[in-house]
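# Chains, contacts and geometry: an overview
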Amino acid sequence: DDRGEAVLIFLPGIQSIEKLNKTLRSRQALSLLNATIYILHSSLPPSQQRRVFNPTRLGEWKIVLSTNIAESSVTIDDITHVVDTGLVREMRFDPVCQLSSLSTINCSRASLTQRRGRAGRVKSGTCWRFFPKDWMANDQLEDFPVPEMRRVSLEDVCLQCLFLGLGNPEEFLATCIEPPSREQVKDAISLLLNIGALQPGGSAEDRSEER
């Protein structure tokens, strides 16, 4: 095989990527390794995302600093090493403060397995995990990622249900494969009523016309 080595480093967010990118570029060892650094996240335009597929030649290194977009959305075939921090940034809703924010949390077990599988697709690979061996046995670790509908505020979703004539949001959303809790939906409807986005007793058609 005349291809070089490629390292995929999973980081929780853009800020972490930029910090590590700056640190690596300041090291003289980078030039000695004949390495090229690429960054990858969903905010990059497609033209820049495609740069991570640039092939390497024997004696060259490619280092990709990525968010969880490289777990499954983007597959880089020539990755030979994966470095996993075990972290991800997700939008989470705080029902007490009634605010949504990006939070850095532990990955699910399924995500950790998926990340490990990014290495060695075209030749033997290695996954380096930056957490203790028994960490995956942690009872607080989710088996699978929590669906977005169960971790964000649902005001927009409820409005869409009504405007599209899908019926009562609570009843409609309950038919989802992994539905949000009834409390989440009720809280969203209550907030929409309080801010005047919905009128008590008004039909979906009436609300659409008012808007």
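Residues numbered from 1 in each chain as written. Predicted model: local features only at pLDDT ≥ 70, side-chain atom pairs only at ≥ 80, totals over all residues. Heavy atoms only, no water.

This part covers the pattern of salt bridges. Pairing of side chains with opposite charge becomes possible as their charged atoms draw close. One pass over the structure, following the stated rule, counts nine salt bridges. For Asp-78, the salt bridge is made with Lys-62, and the minimal N-O distance between the two is 3.0 Å. Residue Asp-78 is located in the loop between strand 3 (61–66) and strand 4 (81–84), and its partner Lys-62 is located in strand 3; the two are separated by 16 residues in the primary sequence. Taking relative accessible area as the criterion, Lys-62 reaches 0% and is therefore assigned buried. Its salt-bridge partner being Arg-109, residue Asp-143 comes within 2.7 Å of it at the nearest N-O pair. Placement of Asp-143 in the loop between strand 7 (126–129) and helix 5 (155–163) and of Arg-109 in helix 4 (residues 109–116) is noted, with a sequence separation of 34 residues between them. (Salt bridge = Lys/Arg side-chain N within 4 Å of Asp/Glu carboxyl O. Helix = DSSP H or I, 4+ residues; strand = E, 2+ residues; numbered from the N terminus. Buried < 20%, exposed > 50% of the residue type's maximum accessible area, 1.4 Å probe, protein only.)

A two-sided burial pattern is seen for strand 4, the buried positions comprising His-81 and Val-83 on one face and Val-82 and Asp-84 on the other. Taken together, the four bridges between strand 1 (residues 5–10) and strand 4 define a ladder with parallel strand orientation. Following the sheet pairing, Ile-9 is matched in strand 4 by Val-83. Bridge count between strand 4 and strand 7: four bridges; the pairing is parallel. Residue pairing in the sheet places Val-82 in a bridge with Cys-127 of strand 7. (Pairing = 2+ DSSP bridges.)

Moving on, we come to the environment of Ala-70. By the secondary structure assignment, Ala-70 is in the loop between strand 3 and strand 4. Distance from Ala-70 to Glu-178, taken between C-alpha atoms, is 24 Å for residues 108 residues apart in sequence. Setting aside chain neighbours within four positions, we find Ala-70 in contact with Leu-8, Phe-10, Leu-40 and Arg-118. (Contact = heavy atoms within 4.5 Å.)

What follows concerns the side chain of Thr-56. One can find Thr-56 in the loop between helix 3 (46–49) and strand 3. Of the polar contacts made by the side chain of Thr-56, one reaches the backbone nitrogen of Gly-4; its length is 3.2 Å. Those residues in contact with Thr-56, other than ones at most four positions away along the chain, are Asp-2, Arg-3, Gly-4, Glu-5, Trp-61, Lys-62 and Asp-78. (Polar contact = N/O pair within 3.5 Å; in protein donor to acceptor, adjacent residues only side chain to side chain.)

Inspection of the secondary structure assignment puts Ser-47 in helix 3. Residues Ser-47 and Leu-99 lie 52 residues apart in sequence; the distance between their C-alpha atoms is 34 Å.

Formed by 14 residues in total, the largest nonpolar core has its most connected members in Leu-8, Leu-40, Val-52, Val-64, Ile-76, Ile-79 and Val-82. At the level of elements, strand 1 and strand 2 (35–40) are the ones that each hand at least two residues to this core. Looking at this core, the element that brings in the most residues is strand 1, giving three residues. Setting aside anything within four residues of it in sequence, one finds Val-64 in contact with Val-7, Leu-8, Ile-9, Tyr-38, Leu-40, Val-52 and Ile-76. (Core = buried A, V, L, I, M, F, W, Y, C linked by side-chain atoms within 4.5 Å.)

The next subject is the layout of surface pockets. One number sums up the size of the largest pocket: a volume of about 390 Å³. Lining the largest pocket are 18 residues; nearest its centre among them are Ser-42, Thr-67, Asn-68, Arg-89 and Leu-102. Among the elements that take part in the lining of the largest pocket, strand 5 (residues 87–94) stands out by supplying three residues, more than any other. Looking at the lining of the largest pocket, its residues break down into five nonpolar, eight polar and five charged. (1 Å grid on protein atoms, 1.4 Å probe; cavity = no way out; pocket = protein on both sides within 12 Å on 5 of 7 lines; lining within 4 Å. Points joined across faces, edges and corners; volume = space filled by probe spheres on them. Nonpolar A, V, L, I, M, F, W, Y, C, P; charged D, E, K, R; others polar.)

So, about the state of the cysteines. Following the criterion strictly, the structure yields zero disulfides and no others. Not engaged in a disulfide, the cysteine Cys-107 finds its nearest cysteine sulfur in Cys-127; these two sulfurs lie 11 Å apart. What makes Cys-107 buried here is its relative accessible area of 2%. Among the cysteines around Cys-158, which has no disulfide bond, Cys-161 carries the closest sulfur, lying 6.1 Å off. Of the residues examined, Cys-158 reaches a relative accessible area of 0% and is grouped as buried. (Disulfide = S-S within 2.5 Å.)

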